[in-house]
Amino acid sequence: MKLVTGTARPHRMNPGEPHPDVAIPDAPDHLTEAARIEWDRVAAELAALGILSRLDRGALAAYCQAYGRWRAAEDALSRMASRDATTNGLVVRTKGGSLIQNPLVGTANKAMADMVRYAAEFGMTPSARTRLIVDTSQASGFDGIEEFIS
């Protein structure tokens, strides 16, 4: 693709790059319920794009667990917000009476940052997709349409 678009440079090319077989790895047993739902949601789509192999099991599990933690923290914050109209659960009082940011906010933010970092590795963010090159020569729903249009 880089040759076709004119962006091929010897230092950017890796002639020995491995190309593992596209496959959906088995989901690890330790995934939380939310993480497993996310695994099922994205694994088939990543495989269809040709960018998922059995070697990617750990990285995809890390993404899914980060997603699950983010969801759990956001759900907990939402429950707290329903009981706290003033700060929506974003601020809590310490034992000493001081107001601090709810630790769940930090947990949610960290999990979200981890999730987005892992998502980028699989091309699951808009900017990351611009850096992907997928094999578009595979069959699509429009294969063979040229003979009907001609």
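For the structure, see preceding data.
Residues numbered from 1 in each chain as written. Predicted model: local features only at pLDDT ≥ 70, side-chain atom pairs only at ≥ 80, totals over all residues. Heavy atoms only, no water.

Sorry, what's going on with the pattern of salt bridges here?
Between side chains of opposite charge, pairing is possible as soon as their charged atoms come close. Going through the model one piece at a time under the given rule, you end up with five salt bridges. R71 is the partner of D75 in a salt bridge, and the nearest nitrogen-oxygen pair spans 3.6 Å. Linking D75 with R71, this pair stays in helix α3 (residues 57-83), spanning four residues, or about one helical turn. A relative accessible area of 33% means that D75 is categorised as partly exposed. A residue is classified by how much of its surface remains accessible, and R71, at 33% relative accessible area, is partly exposed. (Salt bridge = Lys/Arg side-chain N within 4 Å of Asp/Glu carboxyl O. Helix = DSSP H or I, 4+ residues; strand = E, 2+ residues; numbered from the N terminus. Buried < 20%, exposed > 50% of the residue type's maximum accessible area, 1.4 Å probe, protein only.)

Hey, could you run me through unusual backbone geometry in this one?
The bulk of non-glycine residues show a negative phi, and the bulk of peptide bonds are trans. For N88, which is not a glycine, the phi torsion comes out positive at approximately 55°. Looking at the secondary structure, you find N88 in the loop between α3 and β1 (91-93).

Could you clarify how one ought to interpret the environment of A48 in this entry?
Structurally, the position occupied by A48 is in helix α2 (residues 33-48). Looking at A48, the relative accessible area reads 58%, which means it is exposed. Along the chain, A48 and V22 lie 26 residues apart, while their C-alpha atoms are 8.4 Å from each other.

Would you mind showing me how to read the packing of aromatic side chains here?
Each aromatic ring pair is described using two quantities: the centre-to-centre distance and the angle formed by the ring planes. Inspection of the entire model under this criterion finds one aromatic pair. Ring centres of Y67 and W70 lie 5.9 Å apart, and the angle between their planes is 55°; this geometry places the pair in the tilted category. On the criterion of helical spacing, the pair formed by Y67 and W70 is a turn pair, its members being three residues apart in helix α3. The exposure class of W70 is partly exposed, given its relative accessible area of 22%. One residue, R117, lies across the ring of Y118, its end atom 4.9 Å from the ring centre. (Phe/Tyr/Trp six-rings, centres within 6.5 Å; stacked < 30°, edge-to-face > 60°. Lys NZ or Arg CZ within 6 Å of the ring centre and 35° of its normal.)

Any chance you could explain a nonpolar patch on the surface here in plain terms?
A surface patch of nonpolar side chains, amounting to about 250 Å² of accessible area, comprises L90, V91 and L99. With respect to the helices, strands and loops of the structure, L99 is situated in strand β2 (residues 99-101). (Patch = residues over 30% accessible without salt bridge, like charges linked within 9 Å, V, L, I, M, F, W, Y side chains within 5 Å. Areas by Shrake-Rupley, 256 points an atom, 1.4 Å probe, with all protein chains shown as cover.)

Would you mind going over the side chain of Q65 with me for this structure?
Secondary-structure assignment places Q65 in helix α3. Given a relative accessible area of 13%, Q65 falls into the buried group. Sequence-distant contacts of Q65, that is, excluding residues within four places in its chain, are made with H30, L31, T32 and A35. (Contact = heavy atoms within 4.5 Å.)

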